[in-house]
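# Observations on the three-dimensional arrangement
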Amino acid sequence: MSRAFINEDAGGEPARRYALPALDDPAYLAAAARALLQGANEGDSASAEAATGYVFGDPALIREVSAILAEARAHGNERLEQLAERYLRRAGR
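Bear in mind that the values here come from a model prediction, so they are computed numbers and not experimental data.

### What about the overall build of the chain?
- In terms of helices and strands, the chain carries four helices and zero strands.
- For the chain, the N- to C-terminal ordering of α and β elements is α-α-α-α.
- By the burial criterion, 33% of the 93 residues in the chain qualify as buried.
- The long-range share in the chain, meaning contacts at least 24 apart out of those at least 6 apart in sequence, stands at 55%.

Following this line, the structure appears as structure tokens:
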């Protein structure tokens, strides 16, 4: 059967994949924070949360999201700034 006719999302879990380093990689937390913001931007938070093991607004990623927020402000990326601010508000910051 052609792949065009196969519903790979049939289990209810979005098929979106995020390229993340190994959990023990020092870059994992920053990559997870970016994946969560990307998922929120694309309306696919559930997939990003499943891929990272963190939920949007998890306080464990405050430092990483704060760094992304500073970067977004420095580069004038208003959408990323908005998402990072929303994340931090949800995290209680």
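### Some words on a positive patch on the surface
- Together, Arg79, Arg86, Arg89 and Arg90 line one region of the surface with positive charge.
- Arg79 gets classed as partly exposed once you look at its relative accessible area, which sits at 33%.

### Concerning the side chain of Thr52
- One can find Thr52 in helix 2 (residues 45-52).
- Assessed through its relative accessible area of 5%, Thr52 is described here as buried.
- Of note is the side chain of Thr52, whose polar atom sits 3.1 Å from the backbone nitrogen of Tyr54.
- Thr52 has contacts with Leu20, Tyr28, Ala32, Ala35 and Leu36, leaving out every residue within four places of it along the chain.

### What to know about the nonpolar core
- Membership of the largest hydrophobic core comes to 23 residues, with the highest contact counts inside it found for Leu36, Leu37, Leu61, Val65 and Tyr87.
- Secondary-structure elements contributing two or more residues to this core are helix 1 (28-41), helix 3 (62-75) and helix 4 (78-90).
- The greatest single-element share of this core, amounting to seven residues, is contributed by helix 1.
- In contact with Leu36, other than residues within four places in its own chain, are Ala48, Glu49, Thr52, Tyr54, Val55, Phe56, Leu61 and Tyr87.

### Thoughts on the packing of helix 1 against helix 4
- Look at helix 1 against helix 4: their axes get within 10 Å of each other, and the N-to-C directions meet at 110 degrees. Classified by the angle their axes make, helix 1 and helix 4 are roughly perpendicular. Here Arg34, Leu36, Leu37, Ala40 and Asn41 of helix 1 come into contact with helix 4, specifically with Arg79, Leu80, Leu83, Ala84 and Tyr87.
- Residues belonging to the contact of helix 1 with helix 4 are distributed by class as follows: seven nonpolar, one polar and two charged.

### Remarks on the pattern of salt bridges
- Using the criterion set out here, one finds four salt bridges in the structure.
- Notably, a salt bridge pairs Arg73 with Glu81, separated by 3.3 Å at the nearest N-O pair.
- Residue Arg73 is joined to Glu85 by a salt bridge in which the shortest nitrogen-to-oxygen separation is 2.7 Å. Of the two residues, Arg73 sits in helix 3 while Glu85 sits in helix 4, which places them 12 residues apart along the sequence.
- Members of the salt-bridge network, linked through shared partners, are Arg73, Glu81 and Glu85.

Reading guide: rules and limits
- Residues numbered from 1 in each chain as written.
- Predicted model: local features only at pLDDT ≥ 70, side-chain atom pairs only at ≥ 80, totals over all residues.
- Heavy atoms only, no water.
- Helix = DSSP H or I, 4+ residues; strand = E, 2+ residues; numbered from the N terminus.
- Buried < 20%, exposed > 50% of the residue type's maximum accessible area, 1.4 Å probe, protein only.
- Contact = heavy atoms within 4.5 Å.
- Patch = residues over 30% accessible without salt bridge, like charges linked within 9 Å, V, L, I, M, F, W, Y side chains within 5 Å.
- Areas by Shrake-Rupley, 256 points an atom, 1.4 Å probe, with all protein chains shown as cover.
- Salt bridge = Lys/Arg side-chain N within 4 Å of Asp/Glu carboxyl O.
- Lys, Arg positive; Asp, Glu negative; His and termini not counted.
- Charge placed at Lys NZ, Arg CZ, Asp CG, Glu CD.
- Polar contact = N/O pair within 3.5 Å; in protein donor to acceptor, adjacent residues only side chain to side chain.
- Core = buried A, V, L, I, M, F, W, Y, C linked by side-chain atoms within 4.5 Å.
- Axes fitted to C-alpha atoms, helices over the stretch in contact; angles between N-to-C directions.
- Parallel < 35°, antiparallel > 145°, perpendicular 65-115°, else oblique.
- Nonpolar A, V, L, I, M, F, W, Y, C, P; charged D, E, K, R; others polar.

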